[in-house]
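These are the residues of each chain, in order.
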Amino acid sequence: MLSPVACSFRSSALRASFTSSRAFRSTRPAKTVTEKVSEVADKVNKEVGKRLASAIEKGEKVTQSTKETLGTAASKSKDKADQAIHEAEQVYDDVGDQAKHTSKAASQKLNQTAAKAKEEKEDIQREMTK
């Protein structure tokens, strides 16, 4: 049989081995490769999502700005076209008025000339009948 010292040493060694094995078992085991890859993929996915969302927001702002710019430019173009039409109508009216005036003046001159010609005809006929 074993001596009491040997038994005491043996029981101390057994307790130490249980204590040390419990300490190793109580720590969290290291992550597996699959878990690490999954975490990295998750982080990459979130970062890509954030950047895409940011790019979409910037695109929306640029689109809105472009719409406003084009809207302003279209409005200015329409205003200028309306102004050009108005000016063309005014020129047309002025030319029409001038044509009417010229036509009226020509008509008056024609009437005066016709009246003179009639007077001369009458004068000639009077002189012939004398």
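Residues numbered from 1 in each chain as written. Predicted model: local features only at pLDDT ≥ 70, side-chain atom pairs only at ≥ 80, totals over all residues. Heavy atoms only, no water.

Q: Sorry if this is basic, but what is going on with the overall build of the protein chain here?
A: Tallying secondary structure elements over the protein chain gives two helices and zero strands in all. Within the protein chain, the fraction of its 130 residues that count as buried is 0%. When the accessible area of the protein chain is evaluated, it comes to approximately 12300 Å², of which 60% is carbon and sulfur surface. (Helix = DSSP H or I, 4+ residues; strand = E, 2+ residues; numbered from the N terminus. Buried < 20%, exposed > 50% of the residue type's maximum accessible area, 1.4 Å probe, protein only. Areas by Shrake-Rupley, 256 points an atom, 1.4 Å probe, with all protein chains shown as cover.)

Q: Teacher, can you tell me more about the pattern of salt bridges here?
A: Any two side chains of opposite charge can pair if their charged atoms end up close together. Inspection of every chain in the model, using the stated rule, returns five salt bridges. Residue Glu122 is joined to Arg126 by a salt bridge in which the shortest nitrogen-to-oxygen separation is 3.8 Å. You can see Glu122 and its partner Arg126 sitting in helix H2 (residues 33-129), four residues apart, about one turn around the helix. A residue is classified by how much of its surface remains accessible, and Arg126, at 47% relative accessible area, is partly exposed. One network of salt bridges, in which partners are shared, links Glu122, Asp123 and Arg126. (Salt bridge = Lys/Arg side-chain N within 4 Å of Asp/Glu carboxyl O.)

Q: Looking at this structure, how should I read a negative patch on the surface?
A: Taken together, Glu89, Asp93, Asp94 and Asp97 make up a surface patch of like negative charges. Among the secondary structure elements, Asp97 is positioned in helix H2. (Patch = residues over 30% accessible without salt bridge, like charges linked within 9 Å, V, L, I, M, F, W, Y side chains within 5 Å. Lys, Arg positive; Asp, Glu negative; His and termini not counted. Charge placed at Lys NZ, Arg CZ, Asp CG, Glu CD.)

Q: Honestly, a nonpolar patch on the surface in this entry has me stumped. Any pointers?
A: Taken together, the side chains of Val40, Val44, Val48 and Leu52 define a hydrophobic patch exposed on the protein surface, amounting to about 350 Å² of accessible area. Of note, Leu52 is situated in helix H2.

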